[in-house]
Structures are given as structure tokens and as C-alpha cells.
Amino acid sequence: MFNYLSISLLQLTLPTEHLYSTLYSATIVMLLLCILLFVLAMWINARKNKRMAQQNKLQPLLEYLLEYVILTEEAADDSEEERQNIRAMIARIPNGTQSRKMLLAMVAESLPSLAGVAKTNLQFFAREAGLVDLAAAQLHSSTIANRINAVKHLGLLQATEYKKAMFRLTNAADKVLREEAQLAMVRLLGYTGLRFLKVLDKPLSEWQQVCLLQLMSEQKAPDFSRVDLWLQSSNETVQYFAVRLVCENSLFGHQDLLVKLLQSPSERLRLLVIKTLASVFDEFTSAHLIQHYPVAGSREEKLALIETIGAIADVPACDFIRSKMIGSAGFEKFQLVKAWLRAGLAPEELLENSGDERETTIMISHAQYLLAS
Amino acid sequence: MTQLLHHIIYVISWILLLYSLLLLLSYFILSILSVWELRIFKKHNQQVDWRMLAKSPHMPSLSIIAPAYNEAATIVDNARSLLNMHYPNLEVVIVNDGSKDNSLQLMLDAYDMEKLPWYIEPSLSTQPIEGVYKSRNPVYRKLLLVDKKNGGKADALNAGINMASGQLLTCIDVDCVLEQDALLRMVKPFLDNDEKEIIASGGTIRIANGCVISDGVLEEVRPPSKYLPLMQTVEYFRAFMMGRMAWARLNGLLLISGAFGIFSRKIVLDAGGYDHSTVGEDMELVVRMRRIMEEQHKPYAVTFSPDPLCWTEAPESLKILGRQRNRWTRGTIETLHRHQIMLLNPSYGLLGLFSYPYWLLFEMMAPLIEIFGMLFLVVLAVFNLVGWSMFFKLLALIVLGGYLFSFFSILMETWYNHQYRNWRQLLKLFAVALTEPVIFHPFVVWSGLKGFWDKMRKKNSWGEMTRVGFARKPNTATVTLAALKSDSIKTGPELRAQPAPLPTKTA
């Protein structure tokens, strides 16, 4: 009975013979794949270790060369003797692409933290050692990672002869390549390098904006003559970046354009504009902001408006704060209290007009602490 | 009767077979996706100059929230470690969750703090706040101390969220060691996406047992010497390098470990903060945040970083590990139960159609299905209905499938991070992976079943978690950061190594 049952179950419960053989083959394939992965992992590990060992072997010599170049007191541009010394150092670099690539990486890592003679000497060293050519050779590589590397290195090495090639890449389809090219342009040309903003039709990510702002803070001779153009750009992210520039550098004279941006559909941009106007306002700004308050899209925007109006603190602003204080509650009230104090209005008047005296007292103390710190 | 039995066995056999094959197929797809995501991540991050950005005032403000309960021994050092993190726009909020020891006084003395009148917007309801303290010393201006009545970890975190002023929040299990640029790296995705709002970002967690940690800084990576942490090392590779990377590519990540994740404060507040009533509050919060974004039809993403940024101590005893896995199972059940409306609901997009069902089938249900498969096999064996030859072939396929994905994750780790450089260390990892189906996995399944049982009994406790502390260099002070012993590094889609064994017969 059981034998009969098992045979019928066997025939009916289990997959077909074809499936058995497939599963069997799959098992063999799995086994082979496991072995392959094991071998591959060990091989990658060995290869990486070997490369690291080679690098460790080369590192002391390369570090010594770089140290010499960086610590030299005389600029290579001014002294033939120094140029000869550096060339002599270059002659000591071991032959082979690996050592050059490693040297390029080390130079690229050192350059951002250097300035003055050390920086110019290192750039001279890199050029004489053929590192610029080595980087440039990768500029048209079919591998995007190589091109990105090349752009970064050329920017750091101040290879201005490649600025046209790099400018073209500032609007490239590949995000990383584009962003690296934008940074390279600023490294090469300082503020003038920002001219790519005029033609940029791709988004400028917030991360990229942070990188650009940080890089620009290290550049000399600020030039904001094109900010007006960028504020009127059709690219919303360029407008956002331009507003950030206005805010960071307290650039007056752009208030009209900023006020126009309050009509932007982007809440993020409107918020930034409102915050910016707190530091770059004129006699009409508070009126514009008060006018905008009823149509402000979100609570966050309304709170930002209150803060900015408090910072402007002219007569219409103070009237506005007084009027809004009546019936306010919660965080909006706290923001109004901050604006009230910031506008220089008397806390006593505030206590008289507010409903909950204890809460208002806490708010005043907290706001005073925040404003003082 | 025979016919009925016949049909039942037929259906069950097929269900179990399909379940196992589906699981293998999903792992295969996840593996491919993880490689794809890893390549993209590498491309996007290898050129970033983190040093330059570490001093940039343009970075968004970030608040670290660290709850502490009876942590007098470590609270001052912990706060100092957090204050020393490399991030330019940082605020550290220490929440004293009604400690019965002298934690509060130690903080007040160490940082010269004074109580201030502070208006608190009660966005999230918490136990009452008893005081807010700031240091008189401007050196510690980033530090904010909140003293509140005891309410548990979720309550303390919510109080910290109320008090935080940063645009971004990170809730850290402060018994973890973070890489110094961890915050910078984790913040990047929030700023780097033009199309979607990033609501949360998770980081890779690594096992610190065996590593040398000095002054709160990881000095040398070594694999753990004991079996359980070593096995968990491989498990974490699989969960983070494969599982989470792949789900991040699909934008289907449901879990960010409570140990280290960064969140958008605005969305956390919109979602209502941490839930007090679940033991899986980290997963529950992420699912709730996602659900809200889906319901509001806003484009959003949850991202993940494969860089090993956070190091934590793994349980070394079966007892503690069992409690941990038991709690993870209960947390998963609670979260999925609460958000069951999303299951196969097209309004929730990929979340409802893929992520949720995957978690339900291959995470939550896995222990039950596995044990059912085993019992089914036993019953068939008793009635001599098992074709052992085919059974062993299929078992080999499933076991090898498990090995394949473990090996693959070790390969990914070697290729991307290359932290275990000695070939002996690597061999050790491969060797321990081979033991998983017979030692580690059955125990994890058993703990999962106990989690189900405890959930049915409505048990809602965390279970005591004890640590042995990190390996330390002689004569160096080890900062074993410890606040609430949360142990909340759920490894997520575990990519369980061994699906249910299949009862089969040979021809």
C-alpha cells in the first residue's frame, strides 16, 4: 500500500524529470561559482596586498622628493638653480607608470593644503615630471572614472591650457564628470571659473554648491559682477546658488531681483531668499515681505518671514510684528518674540500684550539667550 | 482520502520548492543590484575632498541625539567623543532619561552647565522635561543637555528631537565607535540628490570585536577570535554589502539601523517621531516616514552608504544573541503588522509591491516556513515518502546557494573595503561561512521562533543586553561609549543563508 502510494506521490508531487536534471546542474553550477568566488576573493586580496606592498616600497622615496620640493624656500620660477635641483629630483623617480600615477595621486592630495612657494614649486615639479601630460592623457579616456580623475588632477595642477576642454565638460551629461569639471574651472580660474553658470542647463546639486562655496572661499580676488545674470538664470539651481553667493558675501544692490524671486514656485528658493533678505535689505524690503506674508506657502516660510522682518526692524516691520503678536501661539509666537526682541522693541510691552505671562517670560529669556549667543 | 492527502502533499511540496527558488532568485537579483549600486557609489564618492568639507560652514546643521540612562561611568567621555566628531555645523543633544545615578551632576560639573529657561515646542509628546542646560564655556557651545523624566529610549529620542535645532538628525547608539568623518559622508546623500528628497540615510555597521580601539578611534581592524562574532561579521557583510546596497538601488530600503542613521528632522516630525510601543522602533520609524511620503505622493529616497563608518560590539554568547534576534523578530512583526495596509498595495509603489512582501515572506515568515519545512520532511520521512537522493541534491543546491551569497559578500568586502588583508583572516571568514547552515543558522531560526512565541504572549521587553567591551591596546583608554544598551543594529534583510529544506523524492 505504502509502496504504491509513494510511487504515485512520487509521480505526482514532484517536479518532472527535466526539472531534476536542471536542479542537479544548478547545484554543480553553484558549487563551481562558490569555488570561483573564493578564488576570486583570494586573488583580489593578494593583488591588492601586492600593490600596497609596491606602494609602500615606493612611498618613502616619493615622499622624500615631495618633501624636498615643498620645503624649498626659493620659488622655482625665479631661480634657475632651484629648477635644476627639482629636475635632479625628478630624475630619481623610478621608471614605470605605477610610480608616476602614485606620485600624481600624492601631489594631488598635497596641493589643496599648500600655498605660496610650496604650491608653485610642487606645480612646477608636477609639470616637469610629466604628471600634467599623464593626467591629460586620461582626459579623453573611454572610462569615465579615468576622465573624472584627469579633470580633477588637471585642475589641481593648474593646467590652464586645458581650460577649454574642461569648460566643455562643465555641462556634461555625466553628473560626477560635470561637477568635477566645474570645481576644476574654479581651481584654475578662481571666480572667473564660475562663468559656466551662464550656460549650465543641468541641476547644480546642493552638495556641489557647498563644494564650490568652500573652494571659492579659498580663492583670491572675488568677482561677483555676474551675480545679476545668475539670479535671472532659467536654471533654478543656478538662481539658488546665486542667492547663496549674495547671502554669504552680503552683496547689496540685488534686492529687486531677490524680491522678484519671492514669486518663484520653489519653496526652497523662496526660503533662502527670505533668509538672505535679512542681511541685504533696503528701505522697501520689509514692505515686500509683509505683502508676501499672506501668500506664503507654508508655516516654515511664514516663520522665516517673521524672522527676517524682525531683523529689518524698520517702522513697518515693528508694526507688523505687533499686529501678528496678538492671538499668536506656539512656535509662531516664539518666533515673533525673537523678532520683537531683535527689532529692539521693549520686552515689557510684549509682556503687557501677551496672554500667558509665564510662557511669554520663558520665551523672552530663551530668545534673549539665542540672540546673545 | 488518499487523493486528498496526495493533493495536500503535492501543493505543500511545490510551495516549499517555489519559496526556496524564489528566495535564491531574489538573492541573485539583489547581488547584481548591489554591485551596480556599489559601482555608482564608488564613482560618486572617490573624488570627494572630505578634508576640505570638514571645515565648511556651508554644510547643513546636524544634531546628534544621544539618550543616556544611568551612564555615570561614561557619560562625560561619551559627550566629549561626540563633541569631537568632524562636522562643521554640529549640535550634540544629550538626553538624561531620568537617570537614578549622578549622570546629570557629572555633566553639569564637567561642562560647567547652567539651567536655562527654554521654550520647547512640543512637536512630539514625551515625558516632562525637567531642565535644559547649556555650558557657560563657549568651547562647549555645541552641547545641549536635556534632563527629563524616565520614559525609555524612544521617549528620550523624541525629547531630543524636540530640542534639536539641526536640519538633520542622527540618533546614535553611543556604544558604537564612529569613523571621524562618518557624519560628513552620511550627510552627502541629503545634498546630492536633485530629483528626490532624501528622508534618511543609513551607514554600514561593522563588528568591532577583535579590533583595536584606542581613545574612541579604530586603530586596527582584526576579525573576531570567537565563533559567534566572527559568524556575525560575515552575516553583516551579507546584510549590508548585499542586502541594503541592493535595496537602496531600488529605493526600497525599509530599515536603517538604530545604531547609526541620519534623518531629515522635518520628515521625522511629520511622521510623529519614534514609537514608544514597539521594540523595533528604528525600522518602524523608517517605514512610517516612507509611508507618509508615499501617501503625500512626494518623490523621496532612503539612501545607504557602503563605507564602514560605524563599529559595534556583537554579542558573544548564545544567550545574548538569542535575545537580540528574538527582539528583531518581534520588531519586524510589529512594524509589518502596523503598516499592513501597504502589502501589495499599488498606491505605495515599490514599497508595497516589493519591499514589504519581501520582508514579510523572507524575513518575518522565514523561521516559520523553515520549521514547517523541516517538520514536513520529518512527517514524509516517517511515512517513507522521501526520495533521499533527490532530497540531498536539492539540499545541496540550497546550501550551496547560501554559501554562494556569503562568499559573494566576502568578495564584495574585499574588493570595496579590503579591511581584512591577511589571507589567513580571509580564509577564516570563508571557513566560518561554511559552518553557518549547521551551527549559526539553526540558532537564529530558533531565536526567531521564540520571537514569534513571545510576540503571541505579548511580551514587549527588550531583554537585557550585556557587552564585554572592545579590545584595547595596553595603556590606552578605550572609549566604550555606552548609553542605553540598545543593541539595535538589525542587519536588515538578513539574506538568510539557508532557506527551508525541501522534502523531495527521487525518480
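Parameters and conventions
Residues numbered from 1 in each chain as written. Chains lettered and ligands numbered in written order. Predicted model: local features only at pLDDT ≥ 70, side-chain atom pairs only at ≥ 80, totals over all residues. Heavy atoms only, no water. Helix = DSSP H or I, 4+ residues; strand = E, 2+ residues; numbered from the N terminus. Rg over C-alpha atoms; globule rule 2.2 N^0.38 Å. Buried < 20%, exposed > 50% of the residue type's maximum accessible area, 1.4 Å probe, protein only. Contact = heavy atoms within 4.5 Å. Areas by Shrake-Rupley, 256 points an atom, 1.4 Å probe, with all protein chains shown as cover. Salt bridge = Lys/Arg side-chain N within 4 Å of Asp/Glu carboxyl O. Polar contact = N/O pair within 3.5 Å; in protein donor to acceptor, adjacent residues only side chain to side chain. Nonpolar A, V, L, I, M, F, W, Y, C, P; charged D, E, K, R; others polar. Pairing = 2+ DSSP bridges. Expected span 1.5 Å × (residues − 1). Arc of directions from axis to C-beta. Patch = residues over 30% accessible without salt bridge, like charges linked within 9 Å, V, L, I, M, F, W, Y side chains within 5 Å. Lys, Arg positive; Asp, Glu negative; His and termini not counted. Charge placed at Lys NZ, Arg CZ, Asp CG, Glu CD. Axes fitted to C-alpha atoms, helices over the stretch in contact; angles between N-to-C directions. Parallel < 35°, antiparallel > 145°, perpendicular 65-115°, else oblique. Left-handed = near helix turned anticlockwise from the far one by under 90°. pLDDT = per-residue confidence, 0-100. Phe/Tyr/Trp six-rings, centres within 6.5 Å; stacked < 30°, edge-to-face > 60°. Lys NZ or Arg CZ within 6 Å of the ring centre and 35° of its normal. Core = buried A, V, L, I, M, F, W, Y, C linked by side-chain atoms within 4.5 Å.

Caption draft 1: Structural view of the overall build of chain B. Across its full length, chain B holds 15 helices and twelve strands. Computed over its C-alpha atoms, the radius of gyration of chain B comes to 23 Å, within 12% of the 23 Å expected for a compact globule of 507 residues. Principal-axis analysis of the C-alpha atoms gives chain B an extent of 80 × 50 × 45 Å. Of all 507 residues assigned to chain B, the portion counted as buried reaches 64%. Look at the contacts in chain B between residues 6 or more apart in sequence, and 82% of them connect residues 24 or more apart. In the form shown here, chain B has an accessible surface area of approximately 18500 Å², with 60% of it arising from carbon and sulfur atoms.

Caption draft 2: A look at the interface of chain A and chain B. Taken together, the contact between chain A and chain B spans 69 residues of the former and 67 residues of the latter. For the pair chain A and chain B, the interface holds three salt bridges. Connecting chain A to chain B are 22 residue pairs in polar contact (both at pLDDT 80 or more). If one sorts the elements of the side of chain A that touches chain B by residue count, helix α2 (residues 17-71) of chain A sits on top with 21 residues. Residues belonging to the side of chain A that touches chain B are distributed by class as follows: 42 nonpolar, twelve polar and 15 charged.

Caption draft 3: Looking closely at the pairing of strand β1 (residues 62-68) of chain B. Residues and elements named next belong to chain B. When you tally the buried positions in β1, you get seven out of seven residues, the bulk of the element. Of the two faces of β1, the one holding Leu 62, Ile 64, Ala 66 and Ala 68 and the one holding Ser 63, Ile 65 and Pro 67 are both buried throughout. Pairing of β1 with strand β2 (residues 90-97), which is carried by seven bridges, proceeds in the parallel orientation. Directly across from Ala 68, in β2, lies its bridge partner Asn 96. As defined by bridge partners, β1 adjoins strand β6 (residues 168-171) across four bridges and the pair is classed as parallel. From the neighbouring strand, Ile 65 faces β6, where its bridge partner is Cys 171.

Caption draft 4: How the structure looks around helix α14 (residues 423-435) of chain B. All names here are of chain B. Compared with the 18 Å implied by 1.5 Å per residue over 13 residues, the 19 Å span of α14 between its first and last C-alpha is a close match. Looking only at α14, the buried set comprises Gln 425, Leu 426, Leu 429, Phe 430, Val 432 and Ala 433. Buried residues of α14, seen end-on, are gathered within an arc of 165° and therefore sit on one face of the element. Its side-chain oxygen placed 2.7 Å from the backbone nitrogen of Arg 424, Asn 422 serves as the N-cap of α14.

Caption draft 5: Quick peek at a negative patch on the surface. Residues and elements named next belong to chain A. Together, Glu 73, Glu 74, Asp 77, Asp 78 and Glu 81 make up a negatively charged patch on the protein surface. Turning to its location among the elements, Asp 77 is positioned in the loop between α2 and α3 (80-91). Under the relative-accessibility criterion, Asp 77 is labelled exposed at 53%.

Caption draft 6: Highlighting the packing of helix α17 (residues 315-325) of chain A against helix α18 (residues 330-342) of chain A. Residues and elements named next belong to chain A. Interaxial distance between α17 and α18 falls to 10 Å at its minimum, and their mutual angle equals 150°. The orientation of α17 relative to α18 falls into the category roughly antiparallel. Viewed along their axes, α17 and α18 form a crossing whose handedness is left-handed. Of the residues in α18, those in contact with Ile 321, Arg 322, Lys 324 and Met 325 of α17 are Lys 333, Leu 336, Val 337, Ala 339 and Trp 340. A breakdown of the residues in the contact of α17 with α18 according to their chemical character gives six nonpolar, no polar and three charged.

Caption draft 7: The confidence of the model for chain B, seen in detail. Residues and elements named next belong to chain B. Across chain B, the average pLDDT comes to 87, with 91% of residues at or above 70. Note that residues 471-489 has pLDDT below 50 and, in this model, 70 contacts with residues that lie over four places away or in other chains. Under a pLDDT of 50 for its full length, residues 491-507 has, in the predicted model, 97 contacts with residues more than four places off or in other chains. For this predicted complex, the interface score ipTM comes out at 0.87, alongside a pTM of 0.88.

Caption draft 8: View of the packing of aromatic side chains. What the rule picks out here adds up to 22 aromatic pairs over all chains. Ring centres of B:Trp388 and B:Phe392 lie 6.0 Å apart, and the angle between their planes is 35°; on these two criteria the pair is classed as tilted. Of this pair, B:Trp388 and B:Phe392 both sit in helix α13 (residues 388-416), four residues apart, roughly one helical turn. On the basis of relative accessible area, B:Phe392 is assigned to the partly exposed category, the value being 49%. Its guanidinium or amino end placed over the ring of A:Phe167, A:Arg195 lies 5.5 Å from that ring's centre, counting from NZ or CZ. In this structure, B:Arg249 packs its charged tip against the face of B:Trp36, placed 4.9 Å from the ring centre.

Caption draft 9: Geometry of the nonpolar core. One finds A:Leu194, B:Ile94 and B:Phe260 to be the most contacted residues of the largest nonpolar core, which totals 239 residues. Here this core takes 16 residues from α13(B), the largest share from any one element. What A:Leu194 contacts, discounting residues up to four positions off in sequence, is A:Val186, A:Leu212, A:Met216, A:Trp230, A:Phe241 and A:Leu245. A:Phe125, A:Ala126, A:Ala129 and A:Leu157 belong to the second largest nonpolar core, which has 46 residues in total.

Caption draft 10: Just the pattern of salt bridges, in detail. Going through the model one piece at a time under the given rule, you end up with 36 salt bridges over all chains. One salt bridge in this structure joins B:Asp181 and B:Arg185, with 3.0 Å as the shortest N-O distance. We note a salt bridge from B:Arg222 to B:Glu220, for which the minimum N-O separation is 3.1 Å. Assessed through its relative accessible area of 38%, B:Glu220 is described here as partly exposed. Each member of the salt-bridge network shares a partner with another, and the members are A:Glu80, A:Arg83, A:Arg87 and A:Glu128.

Caption draft 11: View of the packing of helix α12 (residues 366-382) of chain B against helix α15 (residues 440-456) of chain B. All names here are of chain B. In the contact formed by α12 and α15, the axes pass within 8 Å of each other and the chain directions differ by 115°. The angle between α12 and α15 places the two elements in the roughly perpendicular class. Between α12 and α15 lies a crossing whose hand is left-handed. Contacts between α12 and α15 involve Pro 367, Leu 368, Glu 370 and Ile 371 from the former and His 441, Val 445, Gly 448, Leu 449 and Phe 452 from the latter. In terms of residue class, the contact of α12 with α15 is made up of six nonpolar, two polar and one charged.

Caption draft 12: The arrangement of the environment of B:Lys393 in detail. Its location among the elements puts B:Lys393 in helix α13. Each C-alpha atom, one on B:Lys393 and one on B:Leu5, is 25 Å from the other, the two residues being 388 residues apart in sequence. Excluding anything up to four places from it in sequence, B:Lys393 contacts A:Tyr24 and A:Thr27.

Caption draft 13: Structural context of α17(A). All names here are of chain A. What α17 keeps buried is the set Ala 317, Cys 318, Phe 320, Ile 321 and Met 325. An end-on view of α17 places all buried positions within 160° of arc, on one side of the element. Residues of α17 that are buried in the fold lie against α15 (285-292), α16 (299-312), α18 and α19 (347-353). Its side-chain oxygen at 3.1 Å from the backbone nitrogen of Ala 317, Asp 314 defines the N-terminal cap of α17. Directly after α17, the chain includes Gly 327, whose backbone phi takes a positive value near 80°.

Caption draft 14: A look at the sheet that holds strand β5 (residues 143-148) of chain B. All names here are of chain B. An order of β3-β4-β5-β2-β1-β6-β11-β8-β12-β7 is seen for the ten strands of this open sheet, with the pairing classed as mixed. Edge positions in the sheet fall to β3 (113-116) and β7 (177-178), since each of these pairs with one other strand and no more. In the sheet, β2 pairs with β5 via six bridges, with the strands oriented parallel. Paired with Val 95 across the strands is Val 146, a residue of β5.

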